[in-house]
Amino acid sequence: MAKRTIIPFGPQHPVLPEPVHLDLVIEDETVVEAIPSIGFIHRGLEKLVEKRDYTQMVYVIERICGICSFGHGWGAAASIEGAMNVKVPERAEYLRTILHELSRLHSHLLWLGLLADAFGFESLFNHCWRVRETILDILEKTTGGRVIFSICKVGGLNKDIDNDTLKEIVETLKELKPQIKELTDVFLEDDSVKNRMVGVGVLTKADAEALCAVGPVARGSGVFQDMRMTNSHGVYDKLDFEPVIETAGDCYARCKVRIGEVFQSIELITKAVGQIPDGPVSVAVKGNVEGEYITRMEQPRGEAFYYAKGANSKFLQRMRVRTPTNMNIPALVKTLEGCDLADVPILILTIDPCISCTER
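Residues numbered from 1 in each chain as written. Predicted model: local features only at pLDDT ≥ 70, side-chain atom pairs only at ≥ 80, totals over all residues. Heavy atoms only, no water.

Visitor: Give me the state of the cysteines: which residues, what numbers.
Guide: Throughout this description, disulfide means a covalent bond between two cysteine sulfur atoms. Across all of its chains, the model carries 0 disulfides by this definition. Left without a disulfide partner, Cys68 is nearest to the cysteine sulfur of Cys65, which lies 3.9 Å away. Exposure remark for Cys68: the relative accessible area of 3% places this residue in the buried category. Free of any disulfide, Cys251 has its nearest cysteine sulfur in Cys339, 8.9 Å distant. (Disulfide = S-S within 2.5 Å. Buried < 20%, exposed > 50% of the residue type's maximum accessible area, 1.4 Å probe, protein only.)

Visitor: A description of the sheet that holds strand S1 (residues 4-9) should follow, citing residues and the corresponding values.
Guide: The sheet built from 3 strands is open, its strands ordered S1-S2-S3 with antiparallel pairing. Taken across any chain shown, the strands that pair with only one partner, and hence form the sheet edges, are S1 and strand S3 (30-37). Taken pair by pair, the neighbouring strands of this sheet meet at an average axis angle of 20 degrees, ignoring direction. Alignment of strand S2 (residues 21-27) against S3, held across 7 bridges, turns out to be antiparallel. Along S3, the bridge assignment pairs Val25 with Glu33. Most of the contacts of helix H10 (residues 324-336) go to S3, to which it runs at about 160 degrees, and overall it touches S2 and S3. (Pairing = 2+ DSSP bridges. Helix = DSSP H or I, 4+ residues; strand = E, 2+ residues; numbered from the N terminus. Axes fitted to C-alpha atoms, helices over the stretch in contact; angles between N-to-C directions. Contact = heavy atoms within 4.5 Å.)

Visitor: Tell me what's going on with the side chain of Glu46, and back it up with residues and numbers.
Guide: For Glu46, the location among the structural elements is in the loop between S3 and helix H1 (54-62). Here the side chain of Glu46 touches Arg320 through a polar contact of 3.4 Å, side chain to side chain. Sequence-distant contacts of Glu46, defined by excluding residues within four places in its chain, comprise Arg318, Met319, Arg320, Val321 and Arg360. (Polar contact = N/O pair within 3.5 Å; in protein donor to acceptor, adjacent residues only side chain to side chain.)

Visitor: Provide a residue-level description of unusual backbone geometry, including the pertinent values.
Guide: Comment: phi is negative for the bulk of residues other than glycine, and the bulk of peptide bonds are trans. In this model, Asp28 sits at a positive phi of 55 degrees, which is unusual for a non-glycine residue. Its place among the elements puts Asp28 in the loop between S2 and S3. For Asp240, which is not a glycine, the phi torsion comes out positive at approximately 55 degrees. Inspection of the secondary structure assignment puts Asp240 in the loop between helix H8 (215-219) and helix H9 (251-275). What makes Asp240 exposed here is its relative accessible area of 66%.

Visitor: Describe in detail the pattern of salt bridges, supporting the description with residues and values.
Guide: Scanning the entire structure with this criterion turns up 25 salt bridges. Taken together, the shared-partner salt bridges connect Glu101, Arg104, Arg219, Asp226, Arg228, Glu261 and Glu298 into one network. (Salt bridge = Lys/Arg side-chain N within 4 Å of Asp/Glu carboxyl O.)

Visitor: An account of the packing of helix H3 (residues 90-119) against helix H5 (residues 163-189) is needed here, citing residue identities and associated values.
Guide: Packing of H3 against H5 brings their axes to within 13 Å, and their N-to-C directions diverge by 25 degrees. Considering the angle they form, H3 stands roughly parallel to H5. Of the two elements, H3 crosses H5, and the hand of that crossing is left-handed. Note on element contacts: H5 touches H3 through Asn163, Leu166, Ile169, Leu173, Thr184 and Phe187, opposite Arg91, Leu95, Ile98, Leu102, Leu105, Leu112, Leu115 and Ala116. For the contact of H3 with H5, the residue count by class is 11 nonpolar, 2 polar and 1 charged. (Parallel < 35°, antiparallel > 145°, perpendicular 65-115°, else oblique. Left-handed = near helix turned anticlockwise from the far one by under 90°. Nonpolar A, V, L, I, M, F, W, Y, C, P; charged D, E, K, R; others polar.)

Listed below in structure tokens is the structure:
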């Protein structure tokens, strides 16, 4: 009979980009159980509603995570706008959608690089991040920041992006597309890469639904769910698209979903630029926040939930954020059961964890 051993995995590990900690119960080289432990980097950002007014809280929430920063700022602003019945100009909604899809490109290309690094495929890692630099250059040119943008505010955006610059972005992405395809073909076609992902960490559709998985993790298991389809934010209802769905539920399927979303984001940006109207990008917002409002947003990692509750003053009574990684940890634990110890880093990476998002 095999002897059971408990191995602490993380928060410091050569392969992990995030300080996630798991106690792995193993028999020989097989993981029998995974016990997650979080809370190492909790920062108390939501508590700052007591000291920062609602306009400042947008920038506080944006700093939950560097990779998802624009989406967090947008989610916070949208929840406050809902509570205050603020109508954002149409051009601002288009620009928010374009910037959000640029953030998705930035996030997915970063993730592909980290996945290559987990395989030990260093040249592929460097090429993924080389291509990602072009996206960061676009974001820096349009917002002034490469990681934290501070362009989203209650009522719209802090600055406009002129139409000529938007057309340049479309041309840049068009030129970038063949390079991205060359990279992603390696993930999809290379036998050594496929051997590490195909059939590994299978999450069935039933388990994904029962465990409330979100984002590419859920869509890789055949769950037809994408908050962009609900028309709750942005102008996605005017861009005519369907979520990228795979049914195998393994690491390879989750990788294929993200690769599909990279090309989908380029198409969505192109469509949005072609339709964007002229006009203002913000409205004046005055008064106090009353009532409460919920916004659900499709971040690169999946559905994020933003809740704002007013206190009839410039300070919110409550600002609550539930992030995708928070929802995908139960699915991760499920996929780890029965896997080989050597596959643990790959499985952790395929949910694209963000512990900064999880521990707010």
